[in-house]
Amino acid sequence: MTHKRIQLISFRELVPEIKDTGYLTHSIFYYPAKFIPHVVRYALKSFTKEDDWVVDPFAGSGTVGVEAYLCKRNAFLLDLNPLLNYMIPLKVRTEKERLSEESLSQTLDNLESSEDCYTPAWSNIAYWYPPEMLEAVSRYWGFIKNSDRTIYTSIIESALLKASKHFSYAEHRTPKLFRSKSKLKYVEELLQTDWSEKLGKMIRSRSLETLRNLNDFAAVTNQHQNRVEFEGGVDSSYYPLQRDLDALITSPPYLQAQEYMRTVKMELFWLGYNDEQIRGLSRLEIPYRKADRIVQTPSLDKVRAELTRQDLLQLLDSYFCHTINALENAMNQLKPNARACIFIGNPLIDGIKVEIWRILMEYFVGNGYFFENLYEDRIKNRQLFGTRKNKNPDGMKSEFLLVLRKG
Ligand SMILES: C[S@@+](CC[C@H](N)C(=O)[O-])C[C@H]1O[C@@H](n2cnc3c(N)ncnc32)[C@H](O)[C@@H]1O
């Protein structure tokens, strides 16, 4: 019965008005496994109306928030990753006044002449920076930490987050945090040049680019009065969502490829988090925590029966327990007939295909939801964790948008 409803489509073709995935403020921050905005736009236009409230319990970089605001919807965003709290005020700026390039330039001048210094509480920091670069980057952060927060300092902070990784031993061409031989060589060569001028220029040019993105965003949303609320650094499984919601649009973590907290560790340290706080967040990350119940559905039980490795069985149980807990926690707040739109691939685990959409569908149909539609998009469009050895080389040829309706 379910197969009749699979529609092979291309979200890029269904939403031709979006020409570039990084348009307006979407590309200010790099984030692994971002939604393409087309999927979100399609779900918003198909299943919600103006001023509706949409929830995303795995909001990541806030694609749902940007698209919701652009489409005159309200959004509530949650994610374990605290970076959400830094991204949304820039990506979804609701103030309408035009930002001034002169004011930004003035703030950048102050940044350059500042003598303040900030060093993160990171025991391992010397591993990641040559001393002279650490000193330079610390000085820039010192200014950010010691000046009053304005939109201009927030813009500069976003540029500084990128520059702090670029001017370090950490590989900056992929989101994952690691040192590579080629990066060590790159830094060695950089140190022979006028690198500190390059660092300053990078911060300036990135800040200016972001300011222009924000102005473009403000220009197209000039008449929009909606709200985008957010809470980063929280576990969506148990977060109390005390409000009625008109739709859920989300893309849950991947089964094996994620490690968001480890990926953004450097950024979090600069923003002021310490080892213990980051470890605490990592412990809550799906699927690296113990399952507190065993989800059972026919398709999931089939995978379980085939899987022999204990560690992978544990991971599978953890994944479905906590992913479903978080989805259910948000979906409990949906109004009757509201849709839950879940975008997900079919990964392989030890060579066994896991049809996540089907397992979620079976679970939720058994718990008061109707299976409404399944869209299959064959375009390989999400960048995972770059150089990480892909554990599922054949597992992600399609991605699926599962649409459920609340009974
Ligand atoms: C596939 S990403 C979402 C990306 C997002 N759709 C976007 O466009 O940026 C999945 C997200 O799940 C988050 N996550 C993992 N465990 C979580 C938990 N227990 N509670 C809330 N979020 C969690 C990760 O931090 C990550 O941002």
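Below, the structure is looked at part by part. Since the model is a prediction, treat every value here as computed from it, not as a measurement.

So, on to the nonpolar core. Within the largest apolar cluster, 57 residues are counted, with the highest numbers of intra-cluster contacts made by Y129, W141, I155, L199, I203, M266 and W270. The residue makeup of this core includes at least three contributed by each of domain 1 (2-94 + 225-406) and domain 2 (101-220). If sequence neighbours within four positions are ignored, I203 has contacts with L108, L111, Y140, I156, A159, L160 and A163. The next biggest cluster of nonpolar side chains, apart from the first, holds 48 residues, and it includes I286, L315, I324 and A338.

Judged by how many residues are buried, strand β9 (residues 369-377) sits mostly within the fold: 7 of 9 residues are covered. As judged from the 4 bridges shared by strand β1 (residues 6-9) and β9, these two strands associate in the parallel manner. Within β9, the position partnered with I9 by the bridge is D377. Across 8 bridges, the pairing between β9 and strand β10 (residues 399-406) is antiparallel. Counterpart to Y369 in the pairing with β10 is K406.

On to the pattern of salt bridges, then. Applying the stated rule across the entire model yields 25 salt bridges. The partner of E112 in a salt bridge is R204, and the shortest N-O contact between them spans 3.5 Å. Highlighted residues: E112 in helix α5 (residues 101-113) and R204 in helix α10 (residues 195-220), separated in sequence by 92 residues. Take R204: its relative accessible area is 24%, and that puts it in the partly exposed class. Of the charged contacts in the structure, one is a salt bridge between R262 and E259, with a shortest N-O distance of 3.2 Å. For E259, a relative accessible area of 18% corresponds to the buried category. Linked through salt bridges whose partners overlap, the residues forming this network are E17, R41 and E67.

Bringing the environment of T308 into the picture now. Here T308 shows up in the loop between α14 (298-306) and α15 (310-331). On the basis of relative accessible area, T308 is assigned to the exposed category, the value being 66%. With 210 residues separating them along the chain, T308 and R98 place their C-alpha atoms 59 Å apart.

Look at α15: 31 Å from first C-alpha to last across 22 residues, which is about the 32 Å you get at 1.5 Å a residue. Among the 22 residues in α15, 19 count as buried, and that is most of the element.

Strand β3 (residues 74-79) sits mainly inside the fold: 6 of its 6 residues count as buried. Burial along β3 is two-sided: the residues N74, F76 and L78 and A75, L77 and D79 are all buried. Two elements, strand β2 (residues 53-56) and β3, share 4 bridges in a ladder whose sense is parallel. Residue W53 lies in a different strand from β3, and its bridge partner there is N74. Where the polypeptide runs from β2 across helix α3 (residues 63-70) and back to β3, its parallel neighbour, the crossover connection is right-handed. When β3 meets strand β4 (residues 228-232), the two strands line up parallel, connected through 5 bridges. Bridge pairing links L78 to E231 in β4.

This brings us to the sheet that holds β9. One open sheet holds the 8 strands; their spatial order is β1-β9-β10-β6-β5-β2-β3-β4, and the pairing between them is mixed. Each end of this open sheet is capped by a strand with a single partner; those strands are β1 and β4. With direction set aside, neighbouring strand axes in the sheet form an average angle of 15°.

The next subject is the site of the ligand. Lining the immediate surroundings of the ligand are 24 residues, of which Y31, S61, T63, D79 and S251 lie closest. Backbone polar atom of F35 to an oxygen atom of the ligand: 2.9 Å apart, as the coordinates give it. The side chain of D235 places a nitrogen or oxygen atom 3.1 Å from a nitrogen atom of the ligand. In the complex, the protein chains occlude 100% of the 600 Å² of accessible area that the ligand would expose alone. Here the residues of the shell around the ligand are counted per class, giving 13 nonpolar, 6 polar and 5 charged.

Here we take up helix α9 (residues 181-191). Side chains that are three or four residues apart share a direction in an α-helix, a result of its 3.6 residues per turn. Every buried residue belonging to α9 is among K183, V187 and L190, and all of these are buried. The arc enclosing the buried residues of α9, seen along the axis, measures out at 60°, which places them on a common side. Set apart from the buried face of α9 by more than 90 degrees, the exposed residues are K181, K185 and E188.

Cut-offs used in this document
- Residues numbered from 1 in each chain as written.
- Predicted model: local features only at pLDDT ≥ 70, side-chain atom pairs only at ≥ 80, totals over all residues.
- Heavy atoms only, no water.
- Core = buried A, V, L, I, M, F, W, Y, C linked by side-chain atoms within 4.5 Å.
- Buried < 20%, exposed > 50% of the residue type's maximum accessible area, 1.4 Å probe, protein only.
- Domains from an automatic or database assignment.
- Contact = heavy atoms within 4.5 Å.
- Helix = DSSP H or I, 4+ residues; strand = E, 2+ residues; numbered from the N terminus.
- Pairing = 2+ DSSP bridges.
- Salt bridge = Lys/Arg side-chain N within 4 Å of Asp/Glu carboxyl O.
- Expected span 1.5 Å × (residues − 1).
- Right-handed = clockwise from strand over helix to strand, strands pointing away.
- Axes fitted to C-alpha atoms, helices over the stretch in contact; angles between N-to-C directions.
- Near = heavy atom within 4 Å.
- Polar contact = N/O pair within 3.5 Å; in protein donor to acceptor, adjacent residues only side chain to side chain.
- Areas by Shrake-Rupley, 256 points an atom, 1.4 Å probe, with all protein chains shown as cover.
- Nonpolar A, V, L, I, M, F, W, Y, C, P; charged D, E, K, R; others polar.
- Arc of directions from axis to C-beta.

Just geometry here; none of it tells us what the structure is for.
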